[in-house]
Every structure is written in C-alpha cells, then in structure tokens.
Amino acid sequence: MVTDMTKQKSDTDNTKTAGDVTSDKLVAELVNVYYDKAHVIKDVSLTIQPNTVTAFIGPSGCGKSTFLRLINRMNDYIDGFSKTGSILIDGADIYDRKVRVEDLRKQVGMVFQKPNPFPKSIYENVIYGLRIQGINNKAVLDETVERSLRRAAIWDEVKDNLNKSALSLSGGQQQRICIARTLAVEPSIVLMDEPASALDPISTAKIEELIYELKTQYTIIIVTHNMQQAGRVSDKVAFFYIGELIEFSETKEIFINPKKELTQNYITGRFG
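Cut-off values and rules
Here the residue numbering is sequential within each chain, running from 1 through the sequence in written order. Totals for whole chains, interfaces and linings use every residue, but because this is a predicted model, local features are given only for residues with pLDDT of at least 70 and side-chain atom pairs only at 80 or more, for both listing and counting. Here the side-chain values reflect all heavy atoms present in the structure, with hydrogen atoms and water set aside. As a rule, the C-alpha atoms of each element are fitted with a line to give its axis, helices using only the stretch in contact, and angles between N-to-C directions run from 0 to 180 degrees. Where helices and strands are cited, they refer to DSSP runs of H or I of at least four residues and of E of at least two residues respectively, numbered from the N terminus. These descriptions rest on fixed angle ranges, namely under 35 degrees for roughly parallel, over 145 for roughly antiparallel, 65 to 115 for roughly perpendicular, and the rest for oblique. The handedness criterion is simple: a crossing whose near helix is rotated anticlockwise from the far helix by less than a right angle is left-handed, and one whose near helix is rotated clockwise is right-handed. Contact between two residues is taken to exist if any of their heavy atoms lie within 4.5 Å; hydrogens are not considered. The residue classification treats Ala, Val, Leu, Ile, Met, Phe, Trp, Tyr, Cys and Pro as nonpolar and Asp, Glu, Lys and Arg as charged. All others, Gly included, are polar. At least two bridges found by DSSP between two strands are what make those strands a pair.

(A) Region of the structure containing the packing of helix 6 (residues 138–151) against helix 8 (residues 171–184). Remark: helix 6 packs on helix 8, axes separated minimally by 8 Å, with the N-to-C direction vectors making an angle of 125°. Between helix 6 and helix 8, the angle falls in the class oblique. Two packed elements cross with a definite hand, and for helix 6 against helix 8 that hand is right-handed. Counted together, Thr144, Arg147, Ser148, Leu149 and Arg151 of helix 6 and Ile177, Ala180, Leu183 and Ala184 of helix 8 form the full contact between these two elements. Per-class residue counts for the contact of helix 6 with helix 8 are five nonpolar, two polar and two charged.

This is the structure:
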C-alpha cells in the first residue's frame, strides 16, 4: 500500500491520504472501479479543495464521467458495478453503509450534458427537490425560487413568467433552469457532465461565466472535452486516460508545462 501510494503521489500533484484530511472538500484514495470483469478506473487518488473548479479532461471512454458519477453514487445503478478504495467528502466516507444516498445527493448536485427540465412550470422545476422533501411553505418556496434563479443568472430573464413551461425556453435557458433546480436544495458540491456541449456559443459563454461565479459558494467538478473551456473555467485539471489519472495539477501548469508526455500529446491535439 505504501509503495502504491508513493507511486501515485509521484504521478499527481495534490494527492493526500484519508488521514491527512483537514479542510479538503473531497479526497479519493486508490479508487478502482469494475463493471463485472472490466477494470475501468485504476488506482485513482486525488484531493479537491473547497470553492474551486476542477475540470476532468481526456478522450472519450477514458473514465472521467465514470469517476464523476462515483461522487454522487450514480454508478450504483449499473449492473456489475463494484469499487475499491475510498471517497471522502468533508472527511466522511460516502460509501459507508450508514450513508443514505438520498442525503448524499442533496449535498452533491448533478447537472447533465443535455438540459433535462421537467414538463412543469419554471417555478415547479426549481422547487422540485423541496417538494420531495415535503416543504410546502409558500414563503420558503418563493424565496428559494428567486435565490436559485439569481444564482443561476437567469432570474431577470424569467421572473415575470415563472408559471411558463420550462420546456418553452431556449436550450441555454433550460440548462440554467436545471442548474437553479440543483442549487435549490443547497448542495455543497456541484457536478457538471459536459454542461455546455449541447449549447450554442453564446449560451456556452453564459454557462462558463456562471461556473466562475458559483465557485464562491460551491465546489464544482466539470467533465469537458473542450480544452479551451477547461482552461477558461477551472482552477485545476485532472487528465484521465484509459481509466488512469495521468496528471492532476493547476490548470496553467497542465496547459503550459505538463509533467507527462501523454498529457502534452493530448492537450496539443496529437490524439483524442
């Protein structure tokens, strides 16, 4: 174990063991993921600080989305899934048997690749999570809707039409409604899986501006194939390749002075 961990530390910059956790938001230690006999995540260790944006990059099928889904336990639903190693959030193991997945997902929100608003009004989309929790106090709901839509930078665009169907909005607006819905339940971590890949350039720019603003209140982890986007929005970058974490460092370091030749080849477009 000591030998493996020493090797992992040499390959990644901000790796700590579970015992070192202090103010770290998330610590993953020697995580492996299997789908039946397929070994899809291999000895991945990394540490993420609070109020930062971390971008997961790498070619398709390299494990970045699989690793992202570990953080809110979405892989639990996949047949044949198993894992080893640990993932701690605020020092607590999220795979402990005592953890209620429903409670974890209040703490760890998820924004998907394609906007997925419900066929409901804007208002009801935003408060959907609160309704599930049994919260029906109108004053609380109204305040949550305005606060969440403001945080998602869409309040001014929809405040006069909250009863309008969310499905009638543009793709970029729908995605920001989905972000507001995620923020309404007050998570501390927001996961984003290619949140702008289905959007036009103007909408993409708004989502990127929003990500930059949200990190003052949330810890954000984003999967993206867009190298320019990773460079614009993230504080740190994790480069995955064939299930392995090849390099994890400050964004400028990754793009200007990567330590690994494989990282250099990927970010310069020689493969992927």
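Having seen the model, we can carry on.
(B) Structural detail: the sheet that holds strand 5 (residues 92–93). With antiparallel pairing, four strands are arranged side by side in an open sheet as 2-1-4-5. Single-partner strands in this sheet number two, and they are strand 2 (38–48) and strand 5. Bridge count for strand 1 (residues 26–35) against strand 2 is seven bridges, and the pairing is antiparallel. From the neighbouring strand, Leu26 faces strand 2, where its bridge partner is Ile48.

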